[in-house]
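Descriptive analysis of the structure
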Amino acid sequence: MTMIKQFTKYCLLLVSLLLLMSCSSASIEDYDKTTPVLDLQTFFDGELTASGIVQDYSGTVTRKFTVTMEASWQGNKGVINEWFIYDDGEKQTRIWQITDLGNGQYQGTANDILGIAEGEARGSALRWAYDMNLVVDDSEYEVHFDDWMFLVDENTIINKSDIIKFGITVAEVTLVIQKVN
């Protein structure tokens, strides 16, 4: 009987934690009146560079990386080419196809993104939501990204992403993106 009570307590605690985590998320509307105003077509145009880290669930840095980017737009269609170099020597390429839907709404696709990424910009912030096939140690995992970008000034964005599996944040990515002048 005690085993059943312990299991029940464990399940209630887990459900409570999951509910608490789901209620604590920021909303894009929180950034409506913030400045400077982020416009993807203006910021992601030309050459950019970035540096970032990946942290595991405990906050330990597990990887460091740099990114070189080239971005361009034709009307409401944008292409962002990204070339990653990780501290262990791994290289990766991602090519984003972005569509500006108007009114701060964006959609995007890329080679390792599952389906369509949905984005919304308000004030100085942009929030992307998408699923991705993530390769870790020769295994592939389907994860969800809660991806936030914050325009600091006309040349700098700070990008913070939560990597989520089964509703639990398993890793975080922090990236500083800068325009090349």
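Residues numbered from 1 in each chain as written. Predicted model: local features only at pLDDT ≥ 70, side-chain atom pairs only at ≥ 80, totals over all residues. Heavy atoms only, no water.

**Brief notes about the pairing of strand S4 (residues 91-102)**
In this structure, strand S3 (residues 77-86) lies alongside S4, joined through 9 bridges in antiparallel fashion. Its bridge partner lying in S4, Ile85 is registered against Lys91. What sits between S3 and S4 in their antiparallel hairpin is a turn of 4 residues, with Gly89 showing a positive phi close to 95°. Note that S4 and strand S5 (residues 105-109) share 5 bridges and pair antiparallel. (Pairing = 2+ DSSP bridges. Helix = DSSP H or I, 4+ residues; strand = E, 2+ residues; numbered from the N terminus.)

**Some details on a nonpolar patch on the surface**
Side chains of Val152, Ile158 and Val176 sit close together on the surface and give an oily, nonpolar patch of about 210 Å² of accessible area. Residue placement: Ile158 occurs in strand S9 (residues 156-165). On the accessibility criterion, Ile158 (36% relative accessible area) is partly exposed. (Patch = residues over 30% accessible without salt bridge, like charges linked within 9 Å, V, L, I, M, F, W, Y side chains within 5 Å. Areas by Shrake-Rupley, 256 points an atom, 1.4 Å probe, with all protein chains shown as cover. Salt bridge = Lys/Arg side-chain N within 4 Å of Asp/Glu carboxyl O. Buried < 20%, exposed > 50% of the residue type's maximum accessible area, 1.4 Å probe, protein only.)

**Details of the packing of aromatic side chains**
Following the criterion strictly, the structure yields 10 aromatic pairs and no others. Judged by centre distance (5.1 Å) and plane angle (75°), the ring pair of Phe43 and Phe44 falls under edge-to-face. Since its relative accessible area comes to 3%, Phe44 is described here as buried. Where Phe65 meets Phe84, the ring centres are 6.0 Å apart and the plane angle is 45°; that geometry is what we call tilted. With Phe65 in strand S2 (residues 61-74) and Phe84 in strand S3, this residue pair connects regions lying 19 residues apart in the sequence. Both residues of the pair, Phe65 and Phe84, count as buried. Grouping aromatic residues by their ring pairs yields a cluster made of Trp96, Trp128, Tyr130 and Phe145. Of note, Lys179 hangs over the ring of Phe43, and the distance from its end group to the ring centre comes to 5.5 Å. (Phe/Tyr/Trp six-rings, centres within 6.5 Å; stacked < 30°, edge-to-face > 60°. Lys NZ or Arg CZ within 6 Å of the ring centre and 35° of its normal.)

**Points about the sheet that holds S4**
Adjacent strands of a sheet form backbone hydrogen bonds with each other and so pair up, either parallel or antiparallel. One closed barrel accounts for 10 strands, arranged S1-S2-S3-S4-S5-S6-S7-S8-S9-S10; its pairing is antiparallel. Looking at each pair of strands side by side, their axes are set apart by 25° on average, direction ignored. Where strand S1 (residues 46-56) lies against S2, 10 bridges are found, and the strand directions are antiparallel. Residue Thr49 lies in a different strand from S2, and its bridge partner there is Thr68. (Axes fitted to C-alpha atoms, helices over the stretch in contact; angles between N-to-C directions.)

**Some remarks on unusual backbone geometry**
The omega torsion of the bond from Thr35 to Pro36 falls at -5°, within 30 degrees of zero and hence cis. With respect to the element layout, Pro36 can be found in the loop between helix H1 (2-23) and helix H2 (40-43). In this model, Asn103 sits at a positive phi of 55°, which is unusual for a non-glycine residue. Examined against the element boundaries, Asn103 turns out to sit in the loop between S4 and S5. Although it is not a glycine, Asp138 adopts a positive phi angle of roughly 65°. Inspection of the secondary structure puts Asp138 in the loop between strand S7 (125-136) and strand S8 (139-153). The exposure class assigned to Asp138 is exposed, which follows from its relative accessible area of 81%.

**Examining the pairing of strand S10 (residues 168-179)**
One ladder, built from 9 bridges, connects S1 with S10; its direction is antiparallel. Across the sheet, Gln55 pairs through a bridge with Glu172, a residue of S10. Between S9 and S10, which pair antiparallel one after the other, the connecting turn spans 2 residues, and Phe166 there sits at a positive phi close to 55°.

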